[in-house]
Amino acid sequence: MENPVLAEVTRGNTVESRHRGSAIVVDADGAVVFVMGDVERPVFPRSAVKAIQALPLLESGAADRYGLTEAEIALAVSSHSGEPLHAETSLTMLRKAGCEAGCLECGAHWPMNEKAARALAKAGAEPSALNNNCSGKHAGFVCLSCSLDEDPAGYVKASHPVQQAVRGALEAVTGAEHSTERMGIDGCSIPSYAVPLKALALGFARLGTGHGFGPERAKAAARIRAAAAAHPFMVAGTDRYDTRLMSLLGARAFTKTGAEGVYCAALPELGYGIALKCDDGAGRAAEVALGALIARFLPMDEATQAAFAPLREAVLTNWNGIEVGRIRAPAA
């Protein structure tokens, strides 16, 4: 049986494309609030779980040992655009642990932000690992490794103590086994484990509330949410969806994109966690599907609803700036 349509793309008054997928909302006890599609099929969450992966950085005391700021903690859970402030902050984090950019094992790519990429090219420079959208997370891994008195070399390998700590946090928070049989390698070279969407939603409900966590983990989760709310630019970047949404809603929502059409969110005041996956990997569809779910459950005043509207239904324009269609959830 096919999964239902999460988002549709219109041109004029006609639906031109449809994106199928699955989505689930649960509370911190795991009770299902909303579900559509197959949420038991294991999926790779990719970057959506960076906040969970960052928990050991804070729980271990590494973040405090190196004096990481709120902005740096926000960068540690980011998929950033490689803008100058992102790259500079990643390097600052590394230097606090006595390391340099050469310690990063995430690989190099051009900044996702076009303006930043053009500026780099105009200067005759090549991109470095600092421009990688995962450099903040990796700088956090290096800090954790150094704080544990472990050699950071090879920290991306599943056998390294850093990745062992990350895997333990993922299993504890989501309640799902992260098995080697369902392990892949992420774009930034760390292990990625396929788990059911239902487990990811539960993990985000717990991340948003601290329910079921010990004191240190609950404190770490709260610090991560506060850092993202205070510095949403660091989590993504200029005109990126996560930055736009958290700039508007602040601490009321923590959202995180993952590659291949995955999105997760925590709504702390409701105690809800959200996880969804577009079958075709379309990020544009995942964004509006998430926006529709947040709008469905999170109370907003009239002004906030108006400001939120572009986050739940995206306007499509052509090269002349003429509106040609929309991306929307089918019920929108």
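Our structure's up above, just so we're on the same page.
Caption draft 1: Structural detail: the overall build of the protein. Helix and strand content of the protein: 14 helices and 12 strands. Taken against the 2.2 N^0.38 rule, which gives 20 Å for 332 residues, the C-alpha radius of gyration of the protein at 19 Å falls within 12% of a compact globule. The principal-axis extent of the C-alpha atoms belonging to the protein is close to 60 × 50 × 40 Å. Within the protein, the fraction of its 332 residues that count as buried is 55%.

Caption draft 2: Focus on the nonpolar core. L57, L245, L276 and I294 are the most contacted members of the largest nonpolar core, which totals 103 residues. Setting aside residues no more than four positions away along its own chain, L245 makes contact with G250, A253, T255, I294, F308 and L311.

Caption draft 3: Representation of the layout of surface pockets in the model. A volume near 210 Å³ is recorded for the second largest pocket. Lining of the second largest pocket is provided by T238, D239, R240, R244 and E287. Classifying every residue of the lining of the second largest pocket gives no nonpolar, 1 polar and 4 charged.

Caption draft 4: Spatial organisation of the side chain of N3. If you trace the backbone, N3 turns up in the segment before β1 (5-11). A distance of 2.9 Å separates the side chain of N3 from the backbone nitrogen of D38, its partner in a polar contact. For N3, the side chain forms a polar contact with the side chain of D279, separated by 3.2 Å. Ignoring anything within four residues of it in the chain, the contact list for N3 reads R20, G21, S22, G37, D38 and D279.

Caption draft 5: View of the packing of aromatic side chains. Applying the stated criterion to the full structure yields 5 aromatic pairs. Judged by centre distance (6.2 Å) and plane angle (70°), the ring pair of F34 and F297 falls under edge-to-face. Of this pair, F34 sits in strand β3 (residues 32-36) while F297 sits in helix α13 (residues 283-297), and the two are 263 residues apart along the sequence. Considering the side-chain rings of Y272 and F297, the 5.8 Å spacing of their centres and the 90° angle between planes classify their relative orientation as edge-to-face.

What counts and how
Residues numbered from 1 in each chain as written. Predicted model: local features only at pLDDT ≥ 70, side-chain atom pairs only at ≥ 80, totals over all residues. Heavy atoms only, no water. Helix = DSSP H or I, 4+ residues; strand = E, 2+ residues; numbered from the N terminus. Rg over C-alpha atoms; globule rule 2.2 N^0.38 Å. Buried < 20%, exposed > 50% of the residue type's maximum accessible area, 1.4 Å probe, protein only. Core = buried A, V, L, I, M, F, W, Y, C linked by side-chain atoms within 4.5 Å. Contact = heavy atoms within 4.5 Å. 1 Å grid on protein atoms, 1.4 Å probe; cavity = no way out; pocket = protein on both sides within 12 Å on 5 of 7 lines; lining within 4 Å. Points joined across faces, edges and corners; volume = space filled by probe spheres on them. Nonpolar A, V, L, I, M, F, W, Y, C, P; charged D, E, K, R; others polar. Polar contact = N/O pair within 3.5 Å; in protein donor to acceptor, adjacent residues only side chain to side chain. Phe/Tyr/Trp six-rings, centres within 6.5 Å; stacked < 30°, edge-to-face > 60°.

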